Amino acid sequence: MKHCFSFSFLFVLSVSSLSAQNLKNFSVPKGYTQIAEAKGDLDKGGKDEIILIFNTDIEASGMQNPEGTGDYKRVFYILKKENSGLKVWKENATILFSSGFGFYPSNNTFKINIKNGCLIIEQLFFTNSRHTQQYKHTFRFQNGDFYLIGLHDHFEDTCDFSFTNEINFSTGKVIVDREYSSCDDDTKVPENSHKEFTHKFPLIKMNDFFIGEHKFKIPGLKEDFAF
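Our subject in this report is the structure included herewith. (Residues numbered from 1 in each chain as written. Predicted model: local features only at pLDDT ≥ 70, side-chain atom pairs only at ≥ 80, totals over all residues. Heavy atoms only, no water.)

1. Structural notes on the packing of aromatic side chains
Note the threshold: Planes of paired rings set the category: under 30 degrees apart is stacked, over 60 is edge-to-face and the rest tilted, where pairs are Phe, Tyr or Trp rings (Trp by its six-membered ring) whose centres lie within 6.5 Å. Helix and strand definitions follow DSSP, with helices as H or I runs of at least four residues and strands as E runs of at least two, each counted in order from the N terminus. For the exposure calls, accessible area comes from a 1.4 Å probe over protein chains only, and a residue counts as buried if that area is under 20% of its type's maximum, exposed if over 50%, partly exposed in between.
Enumeration over the complete set of coordinates arrives at 26 aromatic pairs. Centre to centre, the rings of F97 and Y135 are 6.1 Å apart; their planes meet at 35°, and the pair counts as tilted. Here F97 is found in the loop between β4 (85-92) and β5 (109-115), whereas its partner Y135 is found in strand β7 (residues 131-142), with 38 residues between them in sequence. Taking the relative accessible area as the measure of exposure, F97 reaches 18% and is therefore buried. In this structure Y135 comes out as buried when scored by relative accessible area, which is 14%.

2. Observations regarding the pattern of salt bridges
Stated precisely, the cut-off is as follows: Think of a salt bridge as a Lys or Arg side-chain nitrogen and an Asp or Glu carboxyl oxygen that are within 4 Å of each other.
Per the counting criterion, the structure on display carries 11 salt bridges. Two residues, D160 and R130, come together in a salt bridge whose shortest N-O distance is 3.1 Å. Highlighted residues: D160 in the loop between β8 (145-157) and β9 (161-168) and R130 in the loop between β6 (118-126) and β7, separated in sequence by 30 residues. One salt bridge in this structure joins K205 and D145, with 3.8 Å as the shortest N-O distance. Of this pair, K205 sits in the loop between β11 (193-198) and β12 (215-217) while D145 is found in strand β8, placing the two residues 60 residues apart along the sequence. For K205, a relative accessible area of 34% translates into the label partly exposed. Overlapping salt bridges, with partners in common, bring together D43, E49 and K80 in one network.

3. Focus on the environment of N55
Applied cut-off: The contact rule is simple, with two residues in contact once any of their heavy atoms fall within 4.5 Å. Nitrogen and oxygen atoms within 3.5 Å of one another constitute a polar contact, given that in protein one can donate a hydrogen and the other can accept it, and given that sequence-neighbouring residues count only through two side-chain atoms.
Within the secondary structure layout, N55 lies in strand β2 (residues 49-59). Considered as a pair, N55 and F76 are 21 residues apart in the sequence and their alpha carbons are 9.0 Å apart. Once you skip the residues sitting within four places of it in the chain, N55 turns out to touch G31, Y32, T33, I35, K73, R74 and S99. Only 2.7 Å separates the side chain of N55 from the side chain of R74, close enough to count as a polar contact.

In short, shape yes, function no, at least from these values alone.
Spelled out as structure tokens, the structure:
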């Protein structure tokens, strides 16, 4: 995946300075609890942006988790540091799974970091007692907004399979990898498969992206690629 800096430093710096003047001040909403923080230069403006992640006090809808703990929505803010304080550059409450999501919420992991000017969000959770689902989404600031440019999706069973899907949205390259196994010596194990191809993708803004709501047909297979 190519590095995330494609415009000149002076152009980005001027645009960033102008837009920062119109950003609202940030303060932690009442009832929110900070759970993580990351820093890095996302617009190549010469200053680090600050990302703060919170558990909100808003209950998440949907399936109740079996551990019986509270399930609250999560949100992250991308902030610019100005002389007058922190300004809200971007807010997102759709990508991060809720605090009680999955089968074993206490074993869920997530990480947000900035690398090569890109925002990388990683999440792992159990879908049941044997299955883990791992997501890694990469976003880049370009054309005045954050866009999805990379996806890594890994779904694994403790005995039977290990599935990996990858997309590079910049090049259109797609990888679909299927590995099979068994904890039972008498079970007939399907053959492994590995497929690489290119697909034309539309540009997807970060705040328009909902995990699992996009899909397309995998050439030569009956299944869809959902992301």
